Amino acid sequence: MTSPLIDTHAHLDFDRFDADRQDVILRAGEARVVGIINIAIDYESAKKSIAIAERFPNIYATVGVHPHDVAQIDEEQLGPLRELLDHPKVVAIGEVGLDFYRNISPPEVQRRYLRLFLGWARETGKPLVIHTREAEEDVLAILKEQNNSGWRGVFHCFSGDLKMAGKVLDLGFFISFTGNITFKNSRSVEVMREVPIEKMLLETDSPFLSPVPHRGKRNEPAYLHYVAQKIAEVKGLPMDEVARITSENAQELFGFRLMNIE
Ligand SMILES: [Zn+2]
């Protein structure tokens, strides 16, 4: 395989990588995972993500607050959080969205902050990294409140059905798949088959959702090829085509070009 892969959703700032973060990034490169987007979940995580991105040319960061964590937002942090968006290595707003599966933050608080972050996306023109669980229709309704067109972003770790995928694509979003598509009885096969590869992104969501054969253990970007392989199988495409096109998609959406550092 010659084309590089891009892991569009990893959390390398988490404590679980403190002991060996450098090795994890090295192993990613050895596995041809050349680019990584490190996704923030709150203000502290955004600062750490940016610090990692500053050290590695092909690692980028995002700024946002996960729906689980919005109830903990200190209003005084919103100004500084918004300012981080101007950092040159911050390529998106995320992860933001609604999670009514666990409801760790009250739904009304989740909705209020999602609207705020959508406003930031409008102001800055940056794409959105959307997290949604058992709240897809609600996220779509909020996206449509403002304007049906002109949204850019990705629904990460997509687990909806084909009908939902169609609605997401209609709004201009990409759909991203993670290691859970390698699990037995994955419900995503039909979606993977029908969604054009030109609208797909790959991600690990490290440290979560390790693909088979690493299921249950800590995930890392080096395992991204299992996700690419599964999509290649389902779509009947050569692995290198999946790598090439999804890497092109990621660079187009997030507005950067991979640097050749070999
Ligand atoms: Zn995530």
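A brief report on the enclosed structure follows.

1. Remarks on the pairing of strand 1 (residues 5-10)
Turning to step 1, where the next piece is worked out: With respect to burial, strand 1 is a largely interior element, 6 of its 6 residues being buried.
Turning to step 2, where the next piece is worked out: Examined bridge by bridge, strand 1 and strand 2 (residues 33-38) share 4 bridges and lie parallel to one another. Residue Leu5 lies in a different strand from strand 2, and its bridge partner there is Val33.
Turning to step 3, where the next piece is worked out: You can see the chain leave strand 1, run along helix 1 (residues 21-30) and come back into strand 2, and the turn it takes is right-handed.

2. With respect to unusual backbone geometry
Turning to step 1, where the next piece is worked out: Note that the residue after Gly94, namely Glu95, is joined by a cis bond; omega there is 0°.
Turning to step 2, where the next piece is worked out: Secondary-structure assignment places Glu95 in strand 4 (residues 90-99).
Turning to step 3, where the next piece is worked out: A cis amide bond, omega 10°, links Ser206 with the succeeding residue Pro207.
Turning to step 4, where the next piece is worked out: Mapped onto the elements of the fold, Pro207 is located in the loop between strand 8 (200-202) and helix 8 (224-235).
Turning to step 5, where the next piece is worked out: Notably, Asn103 is not glycine yet its phi reads approximately 50°, a positive angle.
Turning to step 6, where the next piece is worked out: The backbone of Asn185 shows a phi angle near 65°, a positive value even though the residue is not glycine.
Turning to step 7, where the next piece is worked out: Topologically, Asn185 is positioned in the loop between strand 7 (173-177) and helix 7 (189-194).

3. Topic: the pairing of strand 7
Turning to step 1, where the next piece is worked out: Of all 5 residues in strand 7, 5 are buried, a share of seventy percent or more.
Turning to step 2, where the next piece is worked out: Residues of strand 7 alternate between two faces, with Phe173, Ile175 and Phe177 on one and Phe174 and Ser176 on the opposite face, all of them buried.
Turning to step 3, where the next piece is worked out: Bridge analysis of strand 6 (residues 153-155) against strand 7 gives 3 bridges, and the strand direction is parallel. Opposite Val154, over in strand 7, you have Phe174 as the bridge partner.
Turning to step 4, where the next piece is worked out: Chirality of the crossover, the property in question, places the unit of strand 6, helix 6 (residues 162-170) and strand 7 among those that are right-handed.
Turning to step 5, where the next piece is worked out: In this view, the connection linking strand 7 to its parallel neighbour strand 8 by way of helix 7 has right-handed handedness.

Criteria and thresholds
- Residues numbered from 1 in each chain as written.
- Predicted model: local features only at pLDDT ≥ 70, side-chain atom pairs only at ≥ 80, totals over all residues.
- Buried ≥ 20, exposed ≤ 12 C-beta atoms within 10 Å, placed from the backbone.
- Helix = DSSP H or I, 4+ residues; strand = E, 2+ residues; numbered from the N terminus.
- Pairing = 2+ DSSP bridges.
- Right-handed = clockwise from strand over helix to strand, strands pointing away.

Function-wise, these values are silent; they only describe arrangement.
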